[in-house]
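Chain by chain, the residues run as shown.
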Amino acid sequence: FGGMVFTLIVFQILTGIFLSFYYVPDAGGNPAAAWSSVQYIMKDVYMGPLIRGVHFWGANLLIVMIVLHMARVFWTGSYRAPRELNWMVGVIMLFLIIAFSLTGYLLPWDSTSYWASEVTIQLIGLAPIVGDALRNVVQGSPIQGGATLQRFFTIHVFILPALITILMYIHFRMIRKSGISEPM
């Protein structure tokens, strides 16, 4: 399952790079350009619907495969010493993949993604102590708009890929050091 998760992450990166050639998050203060660029990808770009479909369904399959991988790790007891730190890195990567899904969902800038992201932003605001500050950072303005779209895009395309790459490297190094465990 771990190999499949890695393969799906590579597919997500490759299809994401292709989509980024045509996607425009905010043109001159007009977030509607995001929706227009998605329509352009779907109607005018050669194999655009296929690439976008692979990216969308790959993201969904990635979450399923991560859950299966983590269930296997749990079942085999691979979360125990001396691999407990690797388990923690894997859990952090799960949260990063969920963050990828949440930030990517807003990018088409249609009504469904807008309201779903509004719920996500409100949930972020409920976090104890730092909730309001975090919501303001993520939202970028008093209401969801171009600043929110730009921040979600930046997080989705730059910050999360860098973090997941670093954590995958650490994860693989730990696996090489301690090996793969068998069922107990």
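Residues numbered from 1 in each chain as written. Predicted model: local features only at pLDDT ≥ 70, side-chain atom pairs only at ≥ 80, totals over all residues. Heavy atoms only, no water.

Student: How should the overall build of the chain be read in this particular structure?
Tutor: A tally of helices and strands in the chain yields 7 helices and 0 strands. Start at the N end of the chain and walk to the C end: the helices and strands fall as α-α-α-α-α-α-α. With respect to the three principal axes, the spread of C-alpha positions in the chain is 55 × 45 × 25 Å. Within the chain, buried positions represent 36% of all 184 residues. Put simply, of all contacts in the chain between residues at least 6 apart along the chain, 68% involve residues at least 24 apart. Carbon and sulfur atoms make up 73% of the accessible area of the chain, which totals about 11000 Å². Averaging the coordinates of the 10 positive side-chain charges in the chain and doing the same for the 7 negative ones gives two points 13 Å apart. (Helix = DSSP H or I, 4+ residues; strand = E, 2+ residues; numbered from the N terminus. Buried < 20%, exposed > 50% of the residue type's maximum accessible area, 1.4 Å probe, protein only. Contact = heavy atoms within 4.5 Å. Areas by Shrake-Rupley, 256 points an atom, 1.4 Å probe, with all protein chains shown as cover. Lys, Arg positive; Asp, Glu negative; His and termini not counted. Charge placed at Lys NZ, Arg CZ, Asp CG, Glu CD.)

Student: Help me understand the layout of surface pockets in this model?
Tutor: Over the atoms rolls a probe the size of a water molecule, and its path tells where empty space is left. Empty space within the largest pocket amounts to approximately 1000 Å³. Lining the largest pocket are 36 residues, and of these Gln 12, His 55, Gly 104, Leu 107 and His 156 sit closest to its centre. Among the elements of the structure, α1 (2–20), α2 (32–43), α3 (48–76), α4 (84–106), α5 (111–125) and α7 (146–178) are those that each provide at least two residues to the lining of the largest pocket. Among the residues forming the lining of the largest pocket, the class breakdown is 22 nonpolar, 12 polar and 2 charged. In this structure, the second largest pocket encloses a volume near 580 Å³. What lines the second largest pocket is a set of 28 residues, among which Gly 2, His 69, Val 73, His 171 and Ile 175 lie closest to the centre. Within the residue set of the lining of the second largest pocket, elements represented by two or more residues are α1, α3, α4 and α7. Partitioned by chemical class, the residues of the lining of the second largest pocket number 16 nonpolar, 10 polar and 2 charged. (1 Å grid on protein atoms, 1.4 Å probe; cavity = no way out; pocket = protein on both sides within 12 Å on 5 of 7 lines; lining within 4 Å. Points joined across faces, edges and corners; volume = space filled by probe spheres on them. Nonpolar A, V, L, I, M, F, W, Y, C, P; charged D, E, K, R; others polar.)

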